[in-house]
Amino acid sequence: MKNADFLTGITTSGTPHLGNYVGAIRPAVETSKNPRLVSYYFLADYHSLIKNHDPKLRKQSALEIAASWIALGLDYDNCVFYRQSDIPEIPELTWILTCLTAKGLMNRAHAYKATVADNEEQGHKDSDKGITMGLFSYPVLMAADILMFNARKVPVGKDQVQHLEMTRDIAARFNHVYKKLFILPEVVVDETSAVLAGLDGRKMSKSYHNYIPLFDTQKRLRKLIMKIKTNSLGPDEPKDPETCTLFSIYKAFASQSETKEMAERYRQGIAWGTMKLELFEYIDEILKAPRKRYEELIKNPSDIDEILKKGAMKAREFSVPFLEKIRETIGIQSLG
Ligand code: TRP
């Protein structure tokens, strides 16, 4: 197995929604099919330990995320699709990297700093209240995910850019202290991939509870789309597509020419009820076949296990010998 041209992780918390699809899943599915690229996609279940302490929820989320990616067409034979927890080399590398990572670097991590700021704002005496070592040092685990496969490019959301900078720092530190083994990975923030608005018009996100799940029933999908906030303009009144949540969702799914046509209908004053119905029908058509596949997969989790186990075997073809090399480099080797 070759090192990764592309690698990205999906934290297994929550249920995949339309925003995840257009922002992360759709572009990854495209890349996964490219026969000239080696792309690694994994379920970051160790990362999910940081916030979520509910075993059932963790398992359910891993199942739903894996089933979603497969149902939406991930080419798991061409790419490497696995669970982080099936790769024991990752936690081992995490410790090796932890011992090269400056504490001061971790002090600057956004997720940690935001929690400290919250504590201070709420007047807690201990500004580290509720902060585990997992939360504090999680960028090291993420560095290990990436460096374990010497990934060249890492597609992530904007909120993860700092973690990639930290990964490069840590890799450079290793290369300097021991030997040049690691490629410094590049972050890829895809500005063209859509950021979807949610039910209330803010960015669609699990934390805002404003999301539309990808694979709910057809009836629920319809109900949620009908709930999307609009303004009070009546039928036949001209409407502005650019500030409309319905339009932004339509745009993320439709072709350029369809989008243009819809913008024209806005200017002519399409009624909100009509637009909602058309949006529902458009998305439902796209999700119909994957939904069926998803439902079958959820009923047969052992099929998913098998796909992930095969993926882990492929990944370990790289990580086992590479970790061996890392261990030798740092002097954890045969004493002879
Ligand atoms: N921390 C990332 C997120 O919350 C998920 C993740 C874990 C990841 N390990 C990774 C992304 C390695 C890219 C590469 O979105």
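See the structure above.
Notes on the structure in this doc start here. (Residues numbered from 1 in each chain as written. Predicted model: local features only at pLDDT ≥ 70, side-chain atom pairs only at ≥ 80, totals over all residues. Heavy atoms only, no water.)

Moving on: the packing of helix 3 (residues 89-98) against helix 13 (residues 301-330). The interhelical angle for the contact between helix 3 and helix 13, taken along N-to-C directions, is 30 degrees, at an axis separation of 10 Å. Taken together, the axes of helix 3 and helix 13 lie roughly parallel to each other. In the crossing of helix 3 with helix 13, the sense of the turn from one axis to the other is left-handed. Each of Glu 89, Glu 92, Leu 93 and Ile 96 in helix 3 lies in contact with helix 13, whose residues at this interface are Arg 316, Ser 319, Val 320, Leu 323, Ile 326, Arg 327 and Ile 330. Per-class residue counts for the contact of helix 3 with helix 13 are six nonpolar, one polar and four charged. (Axes fitted to C-alpha atoms, helices over the stretch in contact; angles between N-to-C directions. Helix = DSSP H or I, 4+ residues; strand = E, 2+ residues; numbered from the N terminus. Parallel < 35°, antiparallel > 145°, perpendicular 65-115°, else oblique. Left-handed = near helix turned anticlockwise from the far one by under 90°. Contact = heavy atoms within 4.5 Å. Nonpolar A, V, L, I, M, F, W, Y, C, P; charged D, E, K, R; others polar.)

Quick look at the pairing of strand 2 (residues 39-44) now. Most of strand 2 sits inside the fold, with six of its six residues counted as buried. Burial along strand 2 is two-sided: the residues Ser 39, Tyr 41 and Leu 43 and Tyr 40, Phe 42 and Ala 44 are all buried. When strand 1 (residues 6-11) meets strand 2, the two strands line up parallel, connected through six bridges. Within strand 2, the residue paired with Thr 11 across the bridge is Ala 44. Handedness of the β-α-β unit built from strand 1, helix 1 (residues 18-32) and strand 2 comes out right-handed. Note: strand 2 against strand 3 (residues 80-83), four bridges, orientation parallel. (Buried < 20%, exposed > 50% of the residue type's maximum accessible area, 1.4 Å probe, protein only. Pairing = 2+ DSSP bridges. Right-handed = clockwise from strand over helix to strand, strands pointing away.)

Here we take up the side chain of Gln 84. Looking at where Gln 84 falls in the secondary structure, it is placed in the loop between strand 3 and helix 3. On the basis of relative accessibility, which here comes to 0%, the residue Gln 84 falls in the buried class.

Moving on, we come to the site of the ligand. Taken together, the neighbourhood of the ligand is formed by 14 residues, with Gly 9, His 47, Met 142, Asp 145 and Gln 160 sitting nearest. Note that a nitrogen atom of the ligand is positioned 3.4 Å from one of the side-chain N or O atoms of Tyr 138. Measuring from a nitrogen atom of the ligand, one finds a side-chain N or O atom of Gln 160 at 3.1 Å. Look at the ligand: alone it shows 360 Å² of surface, and the protein chains cover 86% of it. Elements with a minimum of two residues in the shell around the ligand: strand 1, strand 2 and helix 7 (138-147). For the shell around the ligand, the residue count by class is eight nonpolar, five polar and one charged. (Near = heavy atom within 4 Å. Polar contact = N/O pair within 3.5 Å; in protein donor to acceptor, adjacent residues only side chain to side chain. Areas by Shrake-Rupley, 256 points an atom, 1.4 Å probe, with all protein chains shown as cover.)

All right, on to the nonpolar core then. If you look at the biggest cluster of nonpolar residues, it comprises 54 residues, and the most contacted ones within it are Leu 18, Trp 69, Phe 81, Ile 212, Tyr 266 and Ile 283. Counting only elements with at least two residues in this core, the list comes to helix 1, strand 2, helix 2 (55-71), helix 9 (218-227), helix 10 (245-253), helix 11 (256-268), helix 12 (272-299) and helix 13. Two domains each donate at least three residues to this core, and these are domain 1 (6-101 + 137-195 + 301-330) and domain 2 (218-295). If you look at the next biggest cluster of nonpolar residues, it comprises 49 residues, including Tyr 112, Leu 147, Met 166 and Phe 174. (Core = buried A, V, L, I, M, F, W, Y, C linked by side-chain atoms within 4.5 Å. Domains from an automatic or database assignment.)

Turning our attention to helix 13. An ideal rise of 1.5 Å per residue puts 44 Å on 30 residues; helix 13 measures up with 40 Å between its terminal C-alpha atoms. Taking the largest bend as the criterion, helix 13 deviates by roughly 40 degrees, centred on Arg 316. Restricting attention to buried positions, one finds in helix 13 the residues Ile 304, Ile 307, Leu 308, Gly 311, Ala 312, Lys 314, Ala 315, Phe 318, Ser 319, Phe 322, Leu 323 and Ile 326. (Expected span 1.5 Å × (residues − 1). Bend = angle between axes of the 7 residues up to and from the residue.)

Take unusual backbone geometry next. The phi dihedral of Asn 150 is positive, around 40 degrees, even though this residue is not glycine. Along the polypeptide, Asn 150 turns up in the loop between helix 7 and strand 4 (153-155). For Asn 150, a relative accessible area of 8% puts it in the buried group.

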